[in-house]
Amino acid sequence: MPRYRFPEPPGRLITPREYLMPRRTLLAGLGAAGLAMGAPQLLRAKTLSAQPWPDSTDETLTSREVATGYNNFFEFGTSKSDPAAQAHRLQTDPWTIAVSGRVHAPGEIGMEDILSGFDLEERIYRLRCVEGWSKVIPWIGFPLKDLLARFDPTSDARYVEFETLHDPEQMPNQTGDDIDWPYREGLRMDEAMHPLTLLAVGMYGEMLPNQCGAPIRLVVPWKYGFKSIKSIVHIRVASERPVSSWEARAPREYGFYANVNPEVRHPRWHQATERRLHDGGRIATAKFNGYGEQVAHLYDDMDLFEHF
Ligand code: MTE
């Protein structure tokens, strides 16, 4: 089995030792050698090896404390502090993602295979995320397209749909009707295949904390945060456009595309500025959250006011 090596962010970003204690999934990914050596030593041995990914921003990072204490994860409640308080209920090991629909090789993949089978080394993406407020996070992950390739999409694959776990025993707010559970999201195939569309498994040099979408979540940095679905258990490749949870709930407020765009108002608030969580400052929001050079061509022939 290939040895899973977990990259760490450089210098001042290195997290306190207690956060480096890996969970069982990571141990499984490390294999027997990792177990013999002791995973924490292995993690420390990797210090300073990782470089930010080329598309990474050089903006100030949000502190780990803020990034993991101010979250949206409605399965655990609707206030920003509920996920940090409640998400410990989620069992993330074992964890499997089923991949179905328009693929030649439908099947399942377990977290052990994901952690050991994809090149996570030197893949720290410092990306900004925006949703009224903005965070800059050093994600650890890999492009979604690498996982999709394993299942071999068919020629009529045009969209990808994602689903979060549905289990009210572990996710107490699923007994309520804030969303028609499970949480669902979708992307067009070219968006899904873009190298900046990530599956994140870690942040700040550690496995994802539960409130941030453990053990695996989507990160689509040029779209509003709600597209970045957490704790994914099902990926369905489709020929028809799926309807995402927020679009189903309020279609006039949340479009399928949800590209960050300061010119397009949300019916109840403007979206021209954002509050930076690292210092509370308010700044102008950039179109495509600043990733226009990489992604604007995907929407060349589209009216972004109509397809918001
Ligand atoms: N995924 C699931 N399953 N459930 C959710 O409620 N909230 C979304 C998105 N992914 C959500 C989710 C919203 S509205 C946002 S803004 C981001 O997660 C927040 O991610 P963060 O807490 O890591 O900042």
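This structure is a prediction, so every number in the text was calculated from the model and none was measured.

Caption draft 1: Local environment of unusual backbone geometry. In this structure, the amide linkage connecting tryptophan 181 to the following residue, proline 182, adopts the cis form with an omega of -5°. The omega torsion of the bond from alanine 214 to proline 215 falls at -5°, within 30 degrees of zero and hence cis. Mapped onto the secondary structure, proline 215 falls in the loop between strand E8 (206-207) and strand E9 (217-219). We note that phenylalanine 288 has phi near 55°; this positive angle belongs to a residue other than glycine. You can see phenylalanine 288 is positioned in the loop between strand E12 (282-284) and helix H9 (292-295). What makes phenylalanine 288 buried here is its relative accessible area of 5%. Phi is positive for asparagine 289, which is not a glycine, with a value near 55°. The residue asparagine 289 is located in the loop between E12 and H9 in this model. Under the relative-accessibility criterion, asparagine 289 is labelled buried at 1%.

Caption draft 2: Representation of the sheet that holds strand E6 (residues 184-188). Within the open sheet, the five strands sit side by side as E2-E1-E10-E5-E6. Their pairing is mixed. Looking at the sheet topology across the chains shown, the edges are occupied by strand E2 (107-110) and E6. Strand after strand, the sheet turns through a mean of 20° between neighbouring axes, direction not considered. Both strand E5 (residues 159-164) and strand E10 (residues 232-238) contribute to a ladder of six bridges, which runs antiparallel. Bridge assignment links glutamate 161 to a residue of E10, and that residue is arginine 236. Helix-sheet contacts for helix H6 (residues 144-151) involve strand E1 (96-101), E2, E5, E6 and E10, and the interaxial angle to E2 is about 135°.

Caption draft 3: Structural view of the site of the ligand. Close to the ligand lie 15 residues, the nearest being Phe74, Glu75, Lys135, Arg217 and Lys230. Here asparagine 72 contributes a backbone N or O atom positioned 3.3 Å from an oxygen atom of the ligand. Between a nitrogen atom of the ligand and a side-chain N or O atom of glutamate 75, the distance comes to 2.7 Å. Its residues assigned to classes, the shell around the ligand comprises five nonpolar, five polar and five charged.

Caption draft 4: Spotlight on the pattern of salt bridges. Following the criterion strictly, the structure yields 14 salt bridges and no others. Between arginine 64 and glutamate 206 there is a salt bridge, with the nearest N and O atoms lying 2.3 Å from each other. Of this pair, arginine 64 sits in helix H3 (residues 64-67) while glutamate 206 sits in strand E8, and the two are 142 residues apart along the sequence. When sorted by exposure, arginine 64 lands in the same class as glutamate 206, which is buried. Residue arginine 276 pairs with aspartate 279 through a salt bridge whose shortest N-O separation is 2.8 Å. For arginine 276, a relative accessible area of 22% gives the class partly exposed. Given the relative accessible area of 43%, aspartate 279 is considered partly exposed. Ionic contacts of the salt-bridge type, sharing partners, join the residues Glu161, Glu163, Arg184 and Arg236 into one network.

About the cut-offs
Residues numbered from 1 in each chain as written. Predicted model: local features only at pLDDT ≥ 70, side-chain atom pairs only at ≥ 80, totals over all residues. Heavy atoms only, no water. Helix = DSSP H or I, 4+ residues; strand = E, 2+ residues; numbered from the N terminus. Buried < 20%, exposed > 50% of the residue type's maximum accessible area, 1.4 Å probe, protein only. Pairing = 2+ DSSP bridges. Axes fitted to C-alpha atoms, helices over the stretch in contact; angles between N-to-C directions. Contact = heavy atoms within 4.5 Å. Near = heavy atom within 4 Å. Polar contact = N/O pair within 3.5 Å; in protein donor to acceptor, adjacent residues only side chain to side chain. Nonpolar A, V, L, I, M, F, W, Y, C, P; charged D, E, K, R; others polar. Salt bridge = Lys/Arg side-chain N within 4 Å of Asp/Glu carboxyl O.

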